[in-house]
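Residues per chain, in single letters:
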Amino acid sequence: MTEEGGLPKVVKLLIGAGGIYGAFLYYGSLQEDVFRFVAEDGSSFKQAWFLQVLEAFANVVIGFAGLQISGATKGLPLQMFGISGATQVTAKACTSLALANGLSFPLATLAKSGKMAPVMAGSLLLGGATYSLREYLNVAAIIGGTAIVSLGKKKGGSVENSSLGVIFIILSLVLDGVTAGFQKRLKAETAKAGVKPKPYDFMFWTNLFMCLTAVVIAGALGEVQSGLSFCTTNPEILSKIIKFALCSAVGQSFIFYTMANFDPLILSTVTTTRKIFSVLLSIFLKGHSLSAMGWSGIAFACGGILSELEEKQAKSRAKSKSG
């Protein structure tokens, strides 16, 4: 079937899903390469906030270009965009810091898939939220599977660095929960103001505040100077960082394209399965060694992720029938 826009629905899906898979699978691979890079003098890249400056800036540029095409929405609650952007970039920086401090990419990606845990905890503490037994089991499977992978890794990693990496990934998950709360408030504020932000409004304004937050923190920590120095001394990592930032911006554009043309569940399916493929790709291409116990943890966590996705699909079908 052909849509009014001209392209058949299946072609639009292939464009959106293919773009998300291509951009973010490469994005994950590059992110891992950046933090596993070791210079000739034995030093490694630790400037996570400097990396966030470059990534957010690339998204601001693409977002601004998108606004010129789609048109900007006036009357947006920019304060809420600012708060949401600040918490979001801090969560991303914590993920990068986890990788910089020894946490493996597959482990970090699986752990981030359990972001419903802090969201559920926050909702339960604040009251008014109820969850099904299956939702609790899904989150428990993801967290439990991730823990099993951590315990099932073959020996050879630094325990101290991995412990610090675990602390950073937990902080990232907590901030994901905080960001989700602020994003709900943002939606409420825009509805109250009687405005409906377009996809590129979200991309531009969120990333602008992410970039500003990252610039302030990177500047305060001295990471702008040290990051530039490391990149000029090691030009091979600079090319990876540039590609990483571009993949983020291109991937975000495909996310918004898919969001504009399909139900949110389609987008959730694509992004969720992409995380699983990122984990498997990293294990097979980056030389991670897992024991049988580690592989059972991967299966357990992926089962939880897919079960969570299937539950969303079941709820969507039930809602469609009742509607």
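Given the structure is predicted, the values throughout are model-derived calculations rather than measurements.

The rules behind the values
Residues numbered from 1 in each chain as written. Predicted model: local features only at pLDDT ≥ 70, side-chain atom pairs only at ≥ 80, totals over all residues. Heavy atoms only, no water. Helix = DSSP H or I, 4+ residues; strand = E, 2+ residues; numbered from the N terminus. Rg over C-alpha atoms; globule rule 2.2 N^0.38 Å. Buried < 20%, exposed > 50% of the residue type's maximum accessible area, 1.4 Å probe, protein only. Contact = heavy atoms within 4.5 Å. Areas by Shrake-Rupley, 256 points an atom, 1.4 Å probe, with all protein chains shown as cover. Lys, Arg positive; Asp, Glu negative; His and termini not counted. Charge placed at Lys NZ, Arg CZ, Asp CG, Glu CD. Phe/Tyr/Trp six-rings, centres within 6.5 Å; stacked < 30°, edge-to-face > 60°. Salt bridge = Lys/Arg side-chain N within 4 Å of Asp/Glu carboxyl O. pLDDT = per-residue confidence, 0-100. Axes fitted to C-alpha atoms, helices over the stretch in contact; angles between N-to-C directions. Parallel < 35°, antiparallel > 145°, perpendicular 65-115°, else oblique. Left-handed = near helix turned anticlockwise from the far one by under 90°.

Asks: Before we go on, may I ask you to explain the overall build of the protein in this structure?
Replies: From N to C terminus, the protein includes 12 helices and 0 strands. Taking 20 Å as the expected radius of gyration for a compact globule of 323 residues, we find that the protein reaches 20 Å, a close match to that expectation. Counting every position in the protein, which comprises 323 residues, the buried fraction comes to 46%. For the protein, long-range pairs separated by at least 24 residues make up 87% of all intrachain contacts whose partners lie at least 6 apart in sequence. Entry remark: accessible area of the protein is about 16,100 Å², with carbon and sulfur atoms responsible for 67%. When the 28 positive and 18 negative side-chain charges of the protein are each reduced to one mean point, those points stand 5 Å apart.

Asks: Help me out: how do you make sense of the packing of aromatic side chains in this one?
Replies: Both the distance between ring centres and the angle between the ring planes are used here to describe each pair of aromatic rings. Under the definition given, this model contains 12 aromatic pairs. Aromatic side chains Phe-45 and Phe-230 sit 5.9 Å apart centroid to centroid with 65 degrees between the ring planes, which places their arrangement in the edge-to-face category. With Phe-45 in the loop between helix 1 (9–36) and helix 2 (48–70) and Phe-230 in helix 9 (residues 223–233), this residue pair connects regions lying 185 residues apart in the sequence. Grouping residues by exposure puts Phe-45 and Phe-230 together as buried. In this structure an aromatic cluster arises from ring pairing among Phe-35, Phe-37, Phe-45 and Phe-230.

Asks: What should I look at first to understand the pattern of salt bridges in this one?
Replies: Any two side chains of opposite charge can pair, on the condition that their charged atoms come close. For the coordinates displayed, the defined rule picks out 7 salt bridges. For Lys-240, the salt bridge is made with Asp-33, and the minimal N-O distance between the two is 3.8 Å. Of this pair, Lys-240 sits in helix 10 (residues 235–261) while Asp-33 is found in helix 1, placing the two residues 207 residues apart along the sequence. Note that Lys-92 and Glu-55 form a salt bridge whose closest N and O atoms lie 3.1 Å from each other. Taken together, the positions of Lys-92 in helix 3 (residues 78–100) and Glu-55 in helix 2 put the pair 37 residues apart, joining distant regions of the chain. By relative accessible area, which is 27% here, Lys-92 ends up partly exposed. By relative accessible area, Glu-55 is classed as buried at 3%.

Asks: Before we go on, may I ask you to explain the confidence of the model for the protein in this structure?
Replies: When pLDDT is low, close inspection of the predicted coordinates is not appropriate. Residue-level pLDDT values for the protein average 86, and 91% of them are 70 or greater. Counting interchain partners and residues more than four positions distant, the pLDDT-below-50 stretch residues 156–161 has 2 contacts.

Asks: Any chance you could explain the packing of helix 8 (residues 199–221) against helix 10 here in plain terms?
Replies: Helices that pack against each other are described as a pair by the angle of their axes relative to one another and the distance between those axes. Relative to each other, helix 8 and helix 10 sit at 150 degrees, their axes nearing to 9 Å. Between helix 8 and helix 10, the angle falls in the class roughly antiparallel. Of the two possible hands of crossing, helix 8 and helix 10 adopt the one that is right-handed. Mapping the contact onto sequence places Pro-199, Tyr-200, Phe-202 and Met-203 in helix 8 and Ala-249, Gln-252, Ser-253 and Phe-256 in helix 10.

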